[in-house]
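Structural overview
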Amino acid sequence: MNWTLEVVVVPVSDIDRAKEFYADRLGFAVDHDTRIGDDVRIVQLTPPGSGCSIVIGRGAVPQMPPGSLKGLQLVVPDLEKARTELVARGVEVSEIQVLGQNPRPVPHPLDNVGFVFFTDPDGNAWGVQQISSRG
């Protein structure tokens, strides 16, 4: 049986600001923006090529302190290209960092060990890792 991770709730303080960041700055697709009365709003966004989405909202999502989610990770086949794209979209992103060593030969020296990091407007922390075989 497959067990797939489909949705991660990301706690934010301002839904519209977060939606703009994830959709316009990161390029996530807006799957839906659903309002159920004045107290319930759910926005689902999906990174390009991902089988897992994020949800931001109020009312129908668990309450967590905005910015409290740390360690979310995206994987890309070309970290240098991804970093260039993030910078061009106005995202404050770290320089490329190499964390650790590969235990075996890999197609590209950044595979598995190359990362960049950024935060959303609330401080939720993301990493981006290169694994070229997933391209």
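Residues numbered from 1 in each chain as written. Predicted model: local features only at pLDDT ≥ 70, side-chain atom pairs only at ≥ 80, totals over all residues. Heavy atoms only, no water.

This paragraph deals with the sheet that holds strand β2 (residues 29-35). With mixed pairing, four strands are arranged side by side in an open sheet as β1-β4-β3-β2. Because the sheet does not close on itself, it has two edges, and the strands there are β1 (7-9) and β2. Going from strand to strand, the sheet's axes swing by 20 degrees on average, the running direction of each strand aside. Where β1 meets strand β4 (residues 53-58), three bridges bridge the pair, whose relative direction is parallel. The residue bridging V7 from the neighbouring strand is S53, located in β4. Across the sheet, helix α1 (residues 15-25) lies against β2, β3 (41-46) and β4, angled at about 10 degrees from β3, the strand it touches most. (Pairing = 2+ DSSP bridges. Helix = DSSP H or I, 4+ residues; strand = E, 2+ residues; numbered from the N terminus. Axes fitted to C-alpha atoms, helices over the stretch in contact; angles between N-to-C directions. Contact = heavy atoms within 4.5 Å.)

If you look at the biggest cluster of nonpolar residues, it comprises 26 residues, and the most contacted ones within it are Y22, L26, F28, L45, I56, F118 and W126. A per-element tally of this core places α1 first, with five residues. Beyond its immediate sequence surroundings of up to four residues, W126 is in contact with Y22, F28, I54, L72, Q73, L74, V116, F117 and F118. (Core = buried A, V, L, I, M, F, W, Y, C linked by side-chain atoms within 4.5 Å. Buried < 20%, exposed > 50% of the residue type's maximum accessible area, 1.4 Å probe, protein only.)

Read these as geometric descriptors, not functional statements.
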